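Structural overview for review
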Amino acid sequence: MTVAALDVFLNSLDFIVDRRELILDKTWEHVQLSAVALAVSIALAVPVGVVLGHLHRGSFLAVNLANVGRALPTLVVIAVGVAFLGIGFANQVVALVVLGVPPILTNAYVAVDEVEPDAVEAARGMGMTPSQVLRRIELPLALPLLFAGIRTAAVFIVATATIAAIAGGGGLGEILVNQASYRVEGLVGAAICVSLLALAADAGLGLVQRALTPRGLKEEVPAFEPDVRSVV
Amino acid sequence: MTAGPVIPDFGEASDCVSENRTFCSDWVRENWDPVLQPALVEHVKLTLIAVVVGFAISLVAALLAHRLRHVERPFAIASAVIYTIPSLALFQLLVPITGLTVTTVEVALVGYTLLILFRNILTGLRSAPPEVLEAARGMGLTGTQTLFRVELPLALPAIVAGLRVAVVSTIALATVAAFVVSEGLGVPILGALPLNFKTEIIAAGALAVGLAIVADAMLVVVQRLLTPWAYTRRVA
Amino acid sequence: MRAPRQAVEIVFDHATKRYPGRAAAAVDDLSLVIPAGEVCCLVGPSGGGKTTAMKLVNRLVELTSGDVRVDGRSVRSLDETELRRGIGYVIQQVGLFPHMTVAENVATVPRLLGWSKAEIAARVDELLDLVDLPAVDYRARYASQLSGGERQRVGLARALAADPPVMLMDEPFGALDPITRMRLQNELLRIQREVRKTIIFVTHDIDEAILLGDRVAILRDGGILVQYDTPEELLARPADEFVARFVGADRGLKRLSLTRLGELELEPAETASGPVLDAGTTLRDALSAMLNDGSRTVLVEGGDGATRQLTLDRLAELLR
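Residues numbered from 1 in each chain as written. Chains lettered and ligands numbered in written order. Predicted model: local features only at pLDDT ≥ 70, side-chain atom pairs only at ≥ 80, totals over all residues.

Residue and element names in this part refer to chain C. The four strands are arranged β2-β1-β4-β5 in an open sheet whose pairing can be described as antiparallel. Of all the strands in the sheet, just β2 (27–34) and β5 (73–74) have a single pairing partner and so form its edges. Two strands pair when backbone bridges link them, and strand β4 (residues 65–70) and β5 are joined in this way by two bridges, in the antiparallel orientation. Across the sheet, the residue bridging to V70 is R73, located in β5. (Pairing = 2+ DSSP bridges. Helix = DSSP H or I, 4+ residues; strand = E, 2+ residues; numbered from the N terminus.)

In this complex, chain B contributes 19 residues to the contact, which on the side of chain C involves 21 residues. Only α6 (130–139) and α7 (143–173) of chain B provide two or more residues apiece to the side of chain B that touches chain C. Here the side of chain B that touches chain C takes seven residues from α6(B), the largest share from any one element. Tallied by class, residues from the side of chain B that touches chain C come to 10 nonpolar, four polar and five charged. (Contact = placed C-beta atoms within 7 Å. Nonpolar A, V, L, I, M, F, W, Y, C, P; charged D, E, K, R; others polar.)

One widely used convention gives an interface's size as the accessible area the parts lose upon coming together. Listed by partner, the interface residues are 39 residues for chain A and 39 residues for chain B. Secondary structure elements with two or more residues in the side of chain A that touches chain B: α1 (2–18), α3 (59–71), α4 (74–85), α7 (130–164), α8 (173–176) and α9 (179–212) of chain A. The greatest single-element share of the side of chain A that touches chain B, amounting to 10 residues, is contributed by α9(A). Class assignment for the residues of the side of chain A that touches chain B results in 30 nonpolar, six polar and three charged.

Here the focus is the sheet that holds strand β10 (residues 224–229) of chain C. All names here are of chain C. The strand order across the open sheet formed by six strands is β6-β7-β8-β3-β9-β10, and the pairing between neighbours is mixed. Only two strands of the sheet have a single neighbouring strand rather than two, namely β6 (87–91) and β10. Strand-to-strand twist across the sheet, computed as the mean angle between neighbouring axes with direction ignored, equals 15°. Across four bridges, strand β3 (residues 39–43) lies against strand β9 (residues 215–220) in parallel orientation. (Axes fitted to C-alpha atoms, helices over the stretch in contact; angles between N-to-C directions.)

In this structure, A:I78, A:I157, B:F118, B:I189, C:L42, C:V57 and C:I200 are the most contacted members of the largest nonpolar core, which totals 223 residues. At 17 residues, α7(A) tops the list of elements feeding residues into this core. Excluding its chain neighbours within four sequence positions, the residues that come into contact with C:I200 are C:I10, C:I34, C:C40, C:L42, C:M54, C:V57, C:L168 and C:M169. Within the second largest apolar cluster, nine residues are counted, among which are C:A286, C:V298, C:V300 and C:L310. (Core = buried A, V, L, I, M, F, W, Y, C linked by C-beta atoms within 7 Å. Buried ≥ 20, exposed ≤ 12 C-beta atoms within 10 Å, placed from the backbone.)

For the rest of this paragraph, the subject is the confidence of the model for chain C. In this model, chain C carries a mean pLDDT of 90, and residues with pLDDT of at least 70 account for 98%. Considering each helix and strand of chain C separately, the mean pLDDT is smallest for strand β11 (residues 267–268) of chain C, with a value of 82, and largest for strand β8 (residues 198–203) of chain C, with 96. (pLDDT = per-residue confidence, 0-100.)

All names here are of chain A. As for its placement among the helices and strands, G88 is situated in the loop between α4 and α5 (89–113). In this structure G88 comes out as partly exposed when scored by C-beta crowding, with 13 C-beta atoms within 10 Å. With 97 residues separating them along the chain, G88 and E185 place their C-alpha atoms 27 Å apart.

All names here are of chain C. Pairing of strand β1 (residues 10–17) with β4, which is carried by five bridges, proceeds in the antiparallel orientation. Looking at β4, one finds that T16 is bridged to S65. Here β4 hands over to β5 after two residues, with D71 in that stretch at a positive phi of 55°.

All names here are of chain A. Within the secondary structure, S34 is located in helix α2 (residues 20–55). We classify S34 as buried; it has 28 C-beta atoms within 10 Å. Along the primary structure S34 and V97 are separated by 63 residues, whereas in three dimensions their C-alpha atoms are 9.4 Å apart. Apart from residues no more than four positions distant in its own chain, S34 is found in contact with I157, V158 and A161.

Residue and element names in this part refer to chain B. Two elements in contact, helix α4 (residues 87–98) and helix α5 (residues 102–125), have axes separated by 9 Å at closest approach and are oriented at 135°. Judged on the interaxial angle alone, α5 and α4 are oblique. The interaxial crossing formed by α4 with α5 has right-handed handedness. Across from S87, L90, F91, L94, V95 and T98 in α4, the residues of α5 making contact are T103, T104, V105, V107, A108 and G111. Each residue belonging to the contact of α4 with α5 can be placed in one class, and the counts come to seven nonpolar, five polar and no charged. (Parallel < 35°, antiparallel > 145°, perpendicular 65-115°, else oblique. Left-handed = near helix turned anticlockwise from the far one by under 90°.)

Below, the discussion takes up the arrangement of the chains. Counting contacts across all two pairs of chains that touch, the top-ranked interface belongs to chains A and B. At the level of C-alpha atoms, the two units chain A and chain C stay apart, their nearest approach being 19 Å.

Below is the structure:
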């Protein structure tokens, strides 16, 4: 059986090379879908999370949002999206944003909320206005954890975009669910590509996270692992 | 890819169903036994097996990593890589090896639990305060006794927290199993998609979410029962 | 009920501990004898090797050369786990098991030794009583619900649980506020009068050592023994400059706090006048009263009802 499996894997590599235009096309669609969804999620979640964290308000909601997001089966979100919004790029972005917002918002909130209170107090005591405190003290210190949330959301979105293919979102998922057209080799080939895409996104954002971490905080948030912290 | 069960044709669909309104409770009542309940039971089974096996593997790995520091990095990186691979892709990568079977699904689901369980168990084991370990050693507890009577009990809060996340994530991920095998709550959803049948999608989806909430709540109760000391505060 | 165990003698016989890669020894050729039933305080500057020396007894630190004998047997001759179950160990941060109740904490070593449930329950109650924590209230509490002083009392009870003949105490009261510390020091003295263990007590506080120790060993950096004497001898005749500085320039006054008015043969007070003090007052406080009052005499109620007197001259004579 393993010989047959090896055979399939080798053939799938052939598939990737032979149909590279298709692969690149689909990968580009996938990246587009994910990037747009991620951008929208960041635009929605970061301001809300940061402001709530700065004001130290709404902790119950903000903290539990990530847990709720994790409990939402991706297939359910896509399916509900299809049922009520129909198929197509824009509708799938909506579904992906629903899944991408919770980890970003929760992390943004916790990151700003848990900035060392002594530092904030010292800043206020020095005469900084609230918005200056936010900009110069809280945000830089919150950046690592905040970015970890973005990283988690990015991986989540890339993964879910794969399933969004069934709803006409395009992307590598289209190959993955279409055994009739592409046969096993195609499916495995697409699976390899989307895995590499996800790993690359994670690693890439990991490097950015590292670069953004102020030198004094380097050890606090592990840059090599996805942030699956459960805020209990 | 397999197709889910088609909506049973009773010949006379109610108005609600034929107009595809948002939610038809009559459909749900009729189809609870044949469609929804079996899917729910299968879903619970899939989750339970995955979490139990994943926990066993992670526990062994964490105990090893606690004693031998070199074990930690490789296991952590391997489980992180698995976690990052999208579920559908992981299923497809396994299909050539284990076929379109429940095994494929379980292997993938187990893989996804490893990261959170391994990390939390290890963190929990390391959370025993150093003076507690010193007192234990000075009193004459052996290494094994210290592990079972001190380190593991003190690791329970972190372990249960990890289990909560693992269970909830697995319940959510198990819906995707429907792409590989005709089991679980993903099946009615996939089946209802081509026809855009709202009621079935919402019913199955609600069950999945509800299952996650119930499982999470149960684990919270378990945590309270197992760790009474974590909920006390200074009396005087 | 088990019969209380007799205290035993501890002997350090040229005990030495060297760590690899370090020139100076942590404990250098330490030889001293701690008679059974006595409290020996190991005092010295921080990092001076006193804790290391103490840990040689329960083998938390292994000897490089020389020997340590408990009740005549070398500590090396016993399995280290067995050895430790026969020695009470108390540390500064206590190390109470957070997930166990007070009763379960205290019961730890008896459980390891296989005592029956009834024996354990009785013993736990007995010990909580001994450390002045009513069992009825404290049995079921958790460490997080106790104050610092209460925690250390439980730590003490836990160390005494299996009735070990030897106790090792590593700066046990160091993390407590001064008032609680004083209380616990007096508690320890009271408990020791009842149970009479052989105790090694490590501290960097010379006043604590003088208060608690039957004998005091002053260790210099590198665990080198400089003087080993009773508190009176130590204060009256310090062996060298180091000890003299360590015990403090006020050692004369410290000596005065070792004796109380009631312990002396005093002359009857006839026409003398001065502040009236309790028989339990230390000579140091008596001197302080004289200075406060501007008097050269203090008066004490004698046991027979007669008033006795202590003059400044007599006090100075006592110091000679």
